[in-house]
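The residues making up each chain are set out below.
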Amino acid sequence: MKKKVVNSPVFGQIEYTENDLVEFKKPILGFEECLKYLHIVKEENLPFSWFQAVDDSNILFMVTDPFFFFKDYEIKISDSESQSLQLKNPEDGLIFTIVSIPSDPKKITTNLKAPIVVNIKNKYAGQFVLNNDKYMTKTPILKEENNAGV
Amino acid sequence: MVGDNIEIVIVNVGKEAVKIGINAPKSVPIHRKEVFVEIEKQNREAALSASRMKDFTQLIPELKQKK
């Protein structure tokens, strides 16, 4: 299979093949032109990882495993949404939430309202908006020491 | 009706506003447009911050301890 290269603004040159790609069947909102991404995982940075667009190397999302920080996080997606990824078993879905880094990095937030779901069986992915009103698009990840109990 | 299985209903007609409702099967997601606009904005802010991401990776070991 032909090897291709993307020049990532954070990771530099990355070689990949079509098989490595995650394909968004439901695009990341606002990025309807970029459907193919490499999921970059580095052990030392977990639970954080990245989705690097291959068609536009400037587009790179940092994501996190939301359950690492929010143990009670619940995702309910509709049948039509599962079907768009051909997702037959919930266990085949890996969940990530997009992270926003403000100028003070300790104030990082993640979007629990619109998680990304990846079907590990076929690498189809989508960003889905949850119906649950209790989740916000900018949820702080880190608790301040003096806000314990909030 | 919108399509075969989505119904828009008038719930209430007032002096200044008309309240509408949407009947649809559970399989169909329904969201106000403002939610999509907000999410697009969040996504855009998150996507184009390569230098912040680089700086952030230095902090990750410290942050994991604080969790």
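If you're wondering where the values come from, they're calculated on a predicted model, not measured in any experiment.

1. Concerning the overall build of chain B
Turning to step 1, where the next piece is worked out: Helix and strand counts for chain B stand at 2 helices and 2 strands.
Turning to step 2, where the next piece is worked out: Reading the helices (α) and strands (β) of chain B from amino to carboxyl end gives β-β-α-α.
Turning to step 3, where the next piece is worked out: Computed over C-alpha atoms, the radius of gyration of chain B comes to 22 Å, more than 25% over the 11 Å expected from 2.2 N^0.38 for 67 residues, which places it beyond the range of a compact globule.
Turning to step 4, where the next piece is worked out: Projected onto its principal axes, the C-alpha coordinates of chain B cover approximately 55 × 30 × 25 Å.
Turning to step 5, where the next piece is worked out: Residue pairs at least 24 apart in sequence account for 0% of intrachain contacts in chain B once pairs closer than 6 positions are excluded.

2. Some details on the pattern of salt bridges
Residue and element names in this part refer to chain A.
Turning to step 1, where the next piece is worked out: As enumerated under the stated definition, the model contains 11 salt bridges over all chains in all.
Turning to step 2, where the next piece is worked out: A salt bridge links Lys-3 to Glu-15, with the shortest nitrogen-to-oxygen separation between them at 3.6 Å. Of this pair, Lys-3 sits in the segment before β1 (4-8) while Glu-15 sits in strand β2 (residues 12-16), and the two are 12 residues apart along the sequence. Of the two residues, Lys-3 and Glu-15, both sit in the exposed class.

3. Some thoughts on the environment of Asn-19 of chain A
All names here are of chain A.
Turning to step 1, where the next piece is worked out: With respect to the helices and strands, the residue Asn-19 is situated in the loop between β2 and β3 (21-26).
Turning to step 2, where the next piece is worked out: Relative accessible area serves as the criterion here: at 54%, Asn-19 is assigned to the exposed category.
Turning to step 3, where the next piece is worked out: Separated by 85 residues in sequence, Asn-19 and Asp-104 have C-alpha atoms that sit 37 Å apart.
Turning to step 4, where the next piece is worked out: Contacts of Asn-19, omitting those with residues within four sequence positions, involve Met-1 and Lys-123.

Reading the values: rules and limits
- Residues numbered from 1 in each chain as written.
- Chains lettered and ligands numbered in written order.
- Predicted model: local features only at pLDDT ≥ 70, side-chain atom pairs only at ≥ 80, totals over all residues.
- Heavy atoms only, no water.
- Helix = DSSP H or I, 4+ residues; strand = E, 2+ residues; numbered from the N terminus.
- Rg over C-alpha atoms; globule rule 2.2 N^0.38 Å.
- Contact = heavy atoms within 4.5 Å.
- Salt bridge = Lys/Arg side-chain N within 4 Å of Asp/Glu carboxyl O.
- Buried < 20%, exposed > 50% of the residue type's maximum accessible area, 1.4 Å probe, protein only.

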